Amino acid sequence: MAKRFGPSNIAVIGMEWGDEGKGKIIDFLAEKADFVARFNGGNNAGHTIEAEGKKIVLHLVPSGVMHKNKLNVVGNGLVVDPKVLLQEIGFLEKNGKKVSPDNLVISENAHVILPRHIEEDKKIGGKIGTTARGIGPAYTDKAARIGLKFYEFVDDAVFKKRFGEEEFYQEYKGYASALRDYVGDTTLVINKALDNNKKMLFEGAQGTLLDIDHGTYPFVTSSSAIAGGVCTGLGISPKKVHSVLGVCKAYNTRVGLGPFPTEITGAIGEKIQKTGKEFGATTGRERRVGWFDALIGKYAVMVNGIDSIALTKLDVFTALNKLKICVAYRHKGGIISDFTTNMKILQNCQPVYEELDGWWDDLTKIKSYDKLPNNAKKYLRRIEELLKVPISIVSVGPKREQTIVARSEFLI
Ligand code: GDP
Ligand code: IMO
Ligand code: MG
């Protein structure tokens, strides 16, 4: 058989407002990777993996951890709550997944989330519906150049001088010593590995519309969630990212506040929310549900340079008579065909829909693209046409094996 020359590293990026199923897709692809490297965010993320009879929600540890012999990297672009990271390591060990400096390394340049960041987020985050994990305040300190980096945190003398929160000193000193051996120069580790043609997945947290620069500001997170964030969040050249895999759901969801043109209210919205179990993996909050928005899809393809798409949750659409795809917005008597992050415009946009027929077959046991019902294939093809990008993976359930590879040439 001819050798297949696919990309040897892939950035996996959320195309919407997060929770697209990135964790599941990364876990599925990780079997063939050597490294899985997170490049942004913190424990605002909740990446769910269902495999080997277990359901695991990861907040900080990269989604390669279910597999043996992978190096999981927490990049410089993250803000890390040391207490949460240690809890997660403990939780994984209870679930039979050994975590040690052999399979997990934390960038010495990642920033530490401190108790005061969490307190502040609880006070002010409500206005935009943050996860209250201290993310915004920790990135604020980073940008203001007063943040605490991991190499300082694990250095006793520096930590003592810099850590201002007396009542937490002993507790955090303990976290620092428990994490000391995990801390390293991840920029060097990753670049050396790339030079040696190691296979790598760059794991995005959140999604394109939550990006600090290119999202629906101010209803965004405080980090770079788009593909560009891979370079700054890990210290690699854009020339080293071979391929970008965008992850999107068959429909859209959003946790927290902010405009959502295709939001569905009423019985159909509730049905999708219930069937899709649309409740946040981090905070348990209800996720708002909407029809697939092709303007958002095209926007995500543009700003990330998406080469192919992993479309998740197609199974959730079973038993709906009609499906809708938003193909334009109506705005003050005119028609808009490109997404905009200008809130003044976006909050006054109404969706223009195209309708497609649904299907009644259960998709959750289907193993190949050909076996999908015709109407499901029509739905997928329409999305490919509108976004002008092929769908390489179709996900038909939360479990690792409920994954259909449609175009393997885009995958590692
Ligand atoms: P992430 O943040 O992008 O990793 O996504 P989350 O883990 O927060 O949310 C995705 C949810 O959908 C999780 O509960 C997954 O187990 C689940 N999921 C992923 N893919 C599928 C799918 O194809 N079908 C169904 N029914 N559930 C899925
Ligand atoms: P994953 O990686 C969905 C949302 C919050 C809030 C806004 C700002 O699991 O896809 P923050 O705490 O970051 O300051 O909150 O961003 N948000 C997410 N929504 N999935 C996520 O991550 C999210 N991370 C942050 O709900 O609206
Ligand atoms: Mg999530």
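Note that the structure is predicted; figures quoted are calculated from it, not measured.

K.L.:
I keep staring at the overall build of the chain and nothing clicks. Help me out?
P.N.:
Counting its regular elements, the chain contains 13 helices and 20 strands. Relative to the 2.2 N^0.38 estimate, which gives 22 Å for 412 residues, the radius of gyration of the chain is 21 Å and therefore close to what a compact globule would have. Judged by the C-alpha coordinates and their principal axes, the chain covers about 65 × 55 × 40 Å. The buried share of the chain, taken over its 412 residues, is 58%. Considering only intrachain contacts with a sequence separation of at least 6, the fraction spanning at least 24 residues in the chain is 76%. Accessible surface for the chain amounts to roughly 17,600 Å². Of this, 51% is attributable to carbon and sulfur atoms. Counting 58 positive and 48 negative side-chain charges, the chain places the centres of these two groups 2 Å from one another.

K.L.:
Where do I start with the packing of helix α3 (residues 115-124) against helix α4 (residues 135-143) in this structure?
P.N.:
Each packed pair of helices is defined by two parameters, the angle between the axes and the distance between the axes. Interaxial distance between α3 and α4 falls to 7 Å at its minimum, and their mutual angle equals 120°. In this view, α3 runs oblique relative to α4, as classed from their interaxial angle. α3 and α4 meet at a crossing whose hand is right-handed. Residues R116, H117, E120 and D121 of α3 pack against I135, P137, A138 and D141 of α4. Of the residues assigned to the contact of α3 with α4, the class counts are three nonpolar, one polar and four charged.

K.L.:
In this structure, what is going on with the site of ligand 2? I would like to understand it.
P.N.:
Around ligand 2 lies a shell of 20 residues, among which D19, K22, H47, T131 and T221 are the nearest. A distance of 2.8 Å separates an oxygen atom of ligand 2 from a polar side-chain atom of N44. Here T131 contributes a side-chain N or O atom positioned 2.6 Å from an oxygen atom of ligand 2. When isolated, ligand 2 has an accessible area of 550 Å², and the protein chains bury 97% of it. Grouping the amino acids of the shell around ligand 2 by side-chain chemistry returns seven nonpolar, 10 polar and three charged.

K.L.:
Which parts of the structure should I look at to understand the domain arrangement of the chain?
P.N.:
Interfaces are often described in size by the accessible area the parts lose on coming together. According to the domain assignment, the chain consists of domain 1 (9-244) and domain 2 (249-406). For the domain 1 and domain 2 pair, buried surface summed over both sides reaches about 3,300 Å², with 58% attributable to carbon and sulfur atoms. A per-residue breakdown of the area domain 1 buries against domain 2 is headed by M15, W17 and K24, which together make up 22% of the total. On the surface where domain 1 and domain 2 come into contact, there are three salt bridges. We note a salt bridge from R287 to D19, for which the minimum N-O separation is 3.0 Å. Within the residue set of the side of domain 1 that touches domain 2, elements represented by two or more residues are α1 (22-30), β3 (47-51) and β11 (243-249). For the side of domain 1 that touches domain 2, the leading source of residues is α1, giving five residues. A class-by-class count of the residues in the side of domain 1 that touches domain 2 yields 18 nonpolar, 18 polar and nine charged.

K.L.:
Just checking my understanding: could you explain the site of ligand 1 for this structure?
P.N.:
Near ligand 1 you find 20 residues, and of these K22, G23, T48, D315 and S395 are the closest. A distance of 2.8 Å separates an oxygen atom of ligand 1 from a polar atom in the backbone of G46. The side chain of R287 places a nitrogen or oxygen atom 3.2 Å from an oxygen atom of ligand 1. Protein contacts shield 93% of the accessible area of ligand 1, which totals 590 Å² for the unbound molecule. Split by residue class, the shell around ligand 1 holds four nonpolar, eight polar and eight charged. No fewer than three residues from each of domain 1 (9-244) and domain 2 (249-406) sit in the shell around ligand 1.

K.L.:
For this particular structure, what's the right way to read unusual backbone geometry?
P.N.:
Across residues other than glycine, the phi torsion is negative in most instances, and most of the peptide bonds are trans. Going from Y217 to P218, the amide bond is cis rather than trans, its omega being 5°. Within the fold, P218 resides in the loop between β10 (200-203) and α9 (228-234). In this structure, N69 is a non-glycine residue whose phi angle is positive, near 60°. Relative to the helices and strands, N69 resides in the loop between β4 (54-58) and β5 (71-74). In this structure, A132 is a non-glycine residue whose phi angle is positive, near 60°. Turning to its location among the elements, A132 is positioned in the loop between α3 and α4. Residue classification places A132 among the partly exposed positions, given a relative accessible area of 25%.

K.L.:
Honestly, the coordination of the magnesium ion (ligand 3) in this entry has me stumped. Any pointers?
P.N.:
Around a metal, the ideal angle is 109.5 degrees if four donors adopt a tetrahedral arrangement and 90 or 180 degrees if six donors adopt an octahedral arrangement. Here the magnesium ion (ligand 3) is held by D19 (OD) and G46 (O), and the distances to it run 2.0 to 2.2 Å. With a gap of 27 residues between them, D19 in the loop between β1 (9-14) and α1 and G46 in the loop between β2 (35-38) and β3 connect regions that are remote in the sequence. Taking relative accessible area as the criterion, D19 reaches 22% and is therefore assigned partly exposed.

K.L.:
What is the right way to read the pattern of salt bridges from this model?
P.N.:
As a working rule, side chains carrying opposite charge can pair if their charged atoms are close by. Evaluated as defined, the whole model comprises 20 salt bridges. Three or more residues joined by partner-sharing salt bridges are found here, namely D19, K249, E278, R287 and K313.

K.L.:
Whenever I open this one, the environment of D141 confuses me. Can you help?
P.N.:
Considering the arrangement of structural elements, one finds D141 in helix α4. Sequence spacing of D141 and H111 is 30 residues, and the spatial spacing of their C-alpha atoms is 9.1 Å. In terms of polar contacts, D141 uses its side chain to reach the side chain of H117, at 2.8 Å.

The rules behind the values
Residues numbered from 1 in each chain as written. Chains lettered and ligands numbered in written order. Predicted model: local features only at pLDDT ≥ 70, side-chain atom pairs only at ≥ 80, totals over all residues. Heavy atoms only, no water. Helix = DSSP H or I, 4+ residues; strand = E, 2+ residues; numbered from the N terminus. Rg over C-alpha atoms; globule rule 2.2 N^0.38 Å. Buried < 20%, exposed > 50% of the residue type's maximum accessible area, 1.4 Å probe, protein only. Contact = heavy atoms within 4.5 Å. Areas by Shrake-Rupley, 256 points an atom, 1.4 Å probe, with all protein chains shown as cover. Lys, Arg positive; Asp, Glu negative; His and termini not counted. Charge placed at Lys NZ, Arg CZ, Asp CG, Glu CD. Axes fitted to C-alpha atoms, helices over the stretch in contact; angles between N-to-C directions. Parallel < 35°, antiparallel > 145°, perpendicular 65-115°, else oblique. Left-handed = near helix turned anticlockwise from the far one by under 90°. Nonpolar A, V, L, I, M, F, W, Y, C, P; charged D, E, K, R; others polar. Near = heavy atom within 4 Å. Polar contact = N/O pair within 3.5 Å; in protein donor to acceptor, adjacent residues only side chain to side chain. Domains from an automatic or database assignment. Buried area = accessible area lost by both parts, 1.4 Å probe. Salt bridge = Lys/Arg side-chain N within 4 Å of Asp/Glu carboxyl O. Donors = N, O, S within 2.8 Å, 3.2 Å for Na, K, Ca; no water.

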